[in-house]
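This is what each chain is made of:
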Amino acid sequence: MCGIVGYIGNKNAYPILIKGLKRLEYRGYDSAGVALLNSKNELNIYKTKGKVSDLENFVADKDCSGTVGIAHTRWATHGEPNKINAHPHCSNSKNIALIHNGIIENYADLKEKLIQKGIEFKSDTDTEIIVHLIEYLLQKHNTNLLSAVQLALSSVVGAYAIAVLDKNNPDTIIAARKSSPLVVGIGEDEFFIASDASPIVEYTKKVIYLDNEEIACIRRGEEIKFINLKNIEVQHEIQEVLLDIGQLEKGGYAHFMLKEIFEQPACINNCMKGRVNVAHDNIKLSAVIDYQEKLVNAKRIIILACGTSWHSGLIGKYLLETYCQIPVEVEYASEFRYRNSVVGENDVVIAISQSGETADTLAAIELAKAKGAFIFGICNAVGSSIPRATHTGAYIHVGPEIGVASTKAFSGQVTVLAMLAMALGRSKNTISEKDYFEIIQELANIPQKMEKVLQLNEEIADLAKIFTYAKNFIYLGRGYCFPVALEGALKLKEISYIHAEGYPAAEMKHGPIALIDDEMPVVFIATNNALYEKVVSNMQEVKARKGRIIAIISEGDTKLNDIADFCIEVPQTLECLEPLITTIPLQLMAYHIAVCKGKNVDQPRNLAKSVTVE
Ligand code: M6R
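These numbers were taken from a predicted model, which means no experiment stands behind them.

1. As for the layout of surface pockets
Phase 1 of the analysis: Taken as a whole, the largest pocket holds about 810 Å³ of empty space.
Phase 2 of the analysis: Of all elements in the fold, only β11 (206-209), β15 (239-240) and α13 (385-389) reach the threshold of two or more residues within the lining of the largest pocket.
Phase 3 of the analysis: Its residues placed into classes, the lining of the largest pocket shows 16 nonpolar, 14 polar and eight charged.
Phase 4 of the analysis: For the lining of the largest pocket, the domains that each give at least three residues are domain 1 (3-246) and domain 2 (251-453).
Phase 5 of the analysis: Taken as a whole, the second largest pocket spans an internal volume of roughly 640 Å³.
Phase 6 of the analysis: In terms of lining, the second largest pocket is formed by 31 residues, of which the most central are Cys 306, Gly 307, Thr 308, Ala 608 and Val 611.
Phase 7 of the analysis: Listing elements by their share of the lining of the second largest pocket, those giving two or more residues are α10 (307-324), β20 (347-353), α12 (359-370), α14 (408-428) and α17 (481-496).
Phase 8 of the analysis: Per element, the largest residue contribution to the lining of the second largest pocket is five residues, and it comes from α10.
Phase 9 of the analysis: Partitioned by chemical class, the residues of the lining of the second largest pocket number 14 nonpolar, twelve polar and five charged.
Phase 10 of the analysis: When residues of the lining of the second largest pocket are assigned to domains, at least three map to each of domain 2 (251-453) and domain 3 (455-614).

Right, dumping it as structure tokens:
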């Protein structure tokens, strides 16, 4: 979703802002813009519909000088993607420019009041009210910019991360946030602001994450001042970002998604480092040690997440119920937050999020916390809002995920959930020694087995060519592989725009079987596990109706060659760890089908990487 970048220092701001916008492209957007204050104190604002490269072409012959500026990529919510609705928005005097990520819920009300006061609006956005409100309050109260921003933000309801530039305060950027992310980078005589640290790390590793309802007053040559909406000055410790610039680049791969699929063995090793100790036959998660009592005594676990993270949550349910004997509910955060959900002090909530910024998940956490639940976060983005809102948790440590379609984060989440189930099951004495030791040994083998699956890349690329024609797909699996079916279908639909449905295989005969004919590709996850024979029966039912079967099978299984049209053989593993192996061919298949169809794999239409609005 919308990306924010700002710079103030002694360098030319424009190249830094453009590079920053490119680093944020992965978030998803449909228009871009920049505002710069030049040495003559002229405020130049340029905006275009489309990509950051379109903006670059547009400004090629324009004045882009200035050592202070703000820039934005917009993901449309209020008003279609066009030049007028793109940010920065400007006050009527043309003195103030503003960029915004989030949604102002009471914008219609505020707009009406400002129109009555004679203020003209140009766009359909909710954002524009903020810039007019700031200017109106500046004049009405004859006050300074910081106070006007403070007053304006006290009147808005909703989510925001904003940055403000003012001709009358040429050496200042004012930035603020509530429920949308914002980070400030501190360099040598220069400051940066951004939606996440990726546009900043190239210049400085020193950052400060703003908290909700906080404003940063960033002045050239001065220390940053942080103040909240109640006018109380806030102190922040500077943090160090552990992000390597190489992680933000494609490293020779055609797309970030492919790079991230191929990174999975290394990511899983990283995720288990210092946690899974094969030599000593144990798994240690610091959160389980520190909060053992709270976790062991949980009467119920509620897993909250969205999208792919919700799918890994389903696998978590199977793991935690099996090995910890705790009832687990898996909820869409967006549904949970608007239900009168029954949550109490004996509940542990596990919130799963790659970005750590998903608005629905964050709101659901706050709700559960207010009702007394203990919150355990499983996140990737270090320092993001969700880990800061939880009582404890475990990072998945898979590195930045840039492709909009989540791949390595899914594997990291499943790995953390498996480690959590092991550590907690051991503490509760609900897992047998045999299972515990076997799973530890096998977790250590997973990266190597993933490497083997990745060797199937060419084979899967060829298979993808055959199915580029398809208009629909069905994915079927049972047990631990049912969430894999859901995830396979989600991957395909989001990047190739082919309609795909995931189902528990046995559920097919309760409806979806009506869809099966000789044009319907059906993907089965049919590995050698306790439910194998059942899945084979479901496969026969599809075969009888001439469906085209692609089966993910265990190495050496020859039984399915006669039933399935295409078989993809993957290494055998323990049933509870199968999702770590069987998801990879589905990720590769979705990737190659989307490439064959000429789609923008890393930035699919309408999607955002970080869903910071509800
Ligand atoms: O950052 P989160 O894990 O909270 O994001 C949740 C979903 O938005 C995300 O998984 C989405 O479904 C992906 N595009 C799936 O590939």
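2. Some points on empty space enclosed by the protein
Phase 1 of the analysis: The final tally for this structure, using the stated rule, is three cavities of 30 Å³ or more.
Phase 2 of the analysis: Surrounding the largest cavity, 13 residues form its lining, Cys 2, Trp 75, Thr 77, His 87 and Gly 102 being those nearest its centre.
Phase 3 of the analysis: Counting residues per element, the lining of the largest cavity draws most heavily on strand β6 (residues 96-104), at three residues.
Phase 4 of the analysis: Residue classes in the lining of the largest cavity are distributed as four nonpolar, seven polar and two charged.

3. Observations regarding the packing of aromatic side chains
Phase 1 of the analysis: Summed over the entire model, instances satisfying the criterion amount to eleven aromatic pairs.
Phase 2 of the analysis: Considering the side-chain rings of Tyr 291 and Phe 374, the 5.2 Å spacing of their centres and the 45° angle between planes classify their relative orientation as tilted. Of this pair, Tyr 291 sits in the loop between α8 (286-290) and α9 (292-296) while Phe 374 is found in strand β21 (residues 374-379), placing the two residues 83 residues apart along the sequence.
Phase 3 of the analysis: Between the aromatic rings of Phe 467 and Phe 566, the centroid separation amounts to 5.6 Å while the plane-to-plane angle is 80°, which identifies the pairing as edge-to-face. Of the two residues, Phe 467 sits in the loop between α16 (457-466) and β23 (472-477) while Phe 566 sits in strand β27 (residues 566-570), which places them 99 residues apart along the sequence.
Phase 4 of the analysis: Sitting above the plane of the Tyr 29 ring, Lys 51 keeps its charged end 4.5 Å from the centroid.
Phase 5 of the analysis: The side chain of Lys 62 reaches across the aromatic face of Phe 58, ending 4.3 Å from its centre.

4. So, the pairing of strand β9 (residues 183-186)
Phase 1 of the analysis: Burial along β9 is two-sided: the face carrying Val 183 and Gly 185 and the face carrying Val 184 and Ile 186 are both buried.
Phase 2 of the analysis: Bridge count between β9 and strand β10 (residues 191-194): four bridges; the pairing is antiparallel. Residue pairing in the sheet places Val 184 in a bridge with Ile 193 of β10.
Phase 3 of the analysis: Joining the antiparallel neighbours β9 and β10 is a turn of four residues, in which Asp 189 adopts a positive phi near 55°.

5. Topic: the site of the ligand
Phase 1 of the analysis: Taken together, 15 residues are adjacent to the ligand, and Ser 309, Ser 353, Ser 355, Thr 358 and Glu 494 come closest.
Phase 2 of the analysis: Between the ligand and Gln 354, the relevant distance is 2.7 Å, taken from an oxygen atom to a main-chain nitrogen or oxygen of the residue.
Phase 3 of the analysis: Here Ser 355 contributes a side-chain N or O atom positioned 2.7 Å from an oxygen atom of the ligand.
Phase 4 of the analysis: Alone, the ligand offers 410 Å² of accessible surface; in the complex the protein occludes 91% of this.
Phase 5 of the analysis: Sorting the residues of the shell around the ligand by element identifies α10 and α17 as the ones contributing at least two each.
Phase 6 of the analysis: Split into classes, the residues belonging to the shell around the ligand amount to five nonpolar, eight polar and two charged.
Phase 7 of the analysis: In terms of domain composition, the shell around the ligand takes at least three residues from each of domain 2 (251-453) and domain 3 (455-614).

6. Focus on the pattern of salt bridges
Phase 1 of the analysis: On inspection of all chains with the given rule, the structure shows 28 salt bridges.
Phase 2 of the analysis: Here Glu 366 ties to Lys 369 by a salt bridge, and the two come within 3.8 Å at their closest N and O atoms. Here Glu 366 pairs with Lys 369, and both are found in helix α12, just three residues apart, close to one helical turn.
Phase 3 of the analysis: Its salt-bridge partner being Glu 438, residue Lys 434 comes within 3.5 Å of it at the nearest N-O pair.

7. A few points about the side chain of Glu 401
Phase 1 of the analysis: Mapped onto the elements of the fold, Glu 401 is located in the loop between β22 (392-395) and α14.
Phase 2 of the analysis: Looking at Glu 401, the relative accessible area reads 2%, which means it is buried.
Phase 3 of the analysis: In terms of polar contacts, Glu 401 uses its side chain to reach the backbone amide nitrogen of Ala 409, at 3.0 Å.
Phase 4 of the analysis: Residues contacting Glu 401, with those up to four places away along its chain left out, are Tyr 26, Glu 260, Gln 354, Asn 380, Ser 406, Thr 407, Lys 408, Ala 409 and Lys 609.

8. Considering the sheet that holds strand β8 (residues 172-178)
Phase 1 of the analysis: One open sheet holds the seven strands; their spatial order is β5-β6-β7-β8-β12-β13-β14, and the pairing between them is antiparallel. Each end of this open sheet is capped by a strand with a single partner; those strands are β5 (89-90) and β14 (233-234).
Phase 2 of the analysis: Strand direction decides the pairing type here: β8 and strand β12 (residues 214-219), joined by six bridges, are antiparallel. Considered in β12, the bridge of Arg 177 is made with Glu 214.
Phase 3 of the analysis: Against the sheet, helix α4 (residues 128-141) touches β5, β6 and β7 (158-166), its axis set at about 130° to β6.
Phase 4 of the analysis: Against the sheet, helix α5 (residues 145-155) touches β7, β8, β12 and β13 (225-228), its axis set at about 160° to β7.

Conventions and cut-offs
Residue numbers run consecutively from 1 along every chain, following the written order of its sequence. The model is predicted, so local features are restricted to residues of pLDDT at least 70 and side-chain atom pairs to those at 80 or more, both for listing and for counting; the totals for chains, interfaces and linings are taken over all residues. The basis for every side-chain value is the complete set of non-hydrogen atoms in the structure, without hydrogens or water. Every definition here rests on a 1 Å grid over the protein atoms only: cavities are sets of points where a 1.4 Å probe fits but cannot get out, pockets are open sets enclosed by protein on both sides within 12 Å along at least five of seven lines, and lining residues have some atom within 4 Å of a point. Grid points are joined across faces, edges and corners, and a volume is the space filled by probe spheres set on the points. A helix here means a DSSP run of H or I that spans at least four residues, while a strand means a run of E at least two residues long, and both kinds are numbered starting from the N terminus. The nonpolar class holds Ala, Val, Leu, Ile, Met, Phe, Trp, Tyr, Cys and Pro. Asp, Glu, Lys and Arg form the charged class, and all remaining residues, Gly among them, are polar. Here the limits of each domain have been adopted from an automatic or database domain assignment. Within 6.5 Å between ring centres, the rings of Phe, Tyr and Trp (the latter by its six-membered ring) count as paired, and their orientation is classed by plane angle as stacked under 30 degrees, edge-to-face over 60, tilted in between. Two conditions define a charge sitting above a ring: the NZ of Lys or the CZ of Arg must be within 6 Å of the ring centre, and it must be within 35 degrees of the ring normal. The buried label goes to any residue with under 20% of its type's maximum accessible area, the exposed label to any with over 50%, and the partly exposed label to all in between, with areas taken from a 1.4 Å probe on protein chains only. A pair of strands is labelled paired if DSSP reports no fewer than 2 bridges between them. Proximity is defined per residue: any heavy atom of the residue falling within 4 Å of a molecule or strand makes that residue near it. Throughout this description, a polar contact denotes any pair of N or O atoms lying within 3.5 Å of each other; where both atoms belong to protein, one of them has to be capable of donating a hydrogen while the other can accept it, and for residues adjacent in sequence the pair is counted only when both atoms sit in side chains. For the accessible areas, the method is Shrake-Rupley and the probe is 1.4 Å, while residue cover comes only from the protein chains on display. Salt bridges are counted wherever a side-chain nitrogen of Lys or Arg sits within 4 Å of a carboxyl oxygen of Asp or Glu. Contact definition: two residues touch when any of their heavy atoms are within 4.5 Å. Axis angles are defined between N-to-C directions and span 0 to 180 degrees, where every axis is a line fitted to C-alpha atoms and, for a helix, only to the segment in contact.

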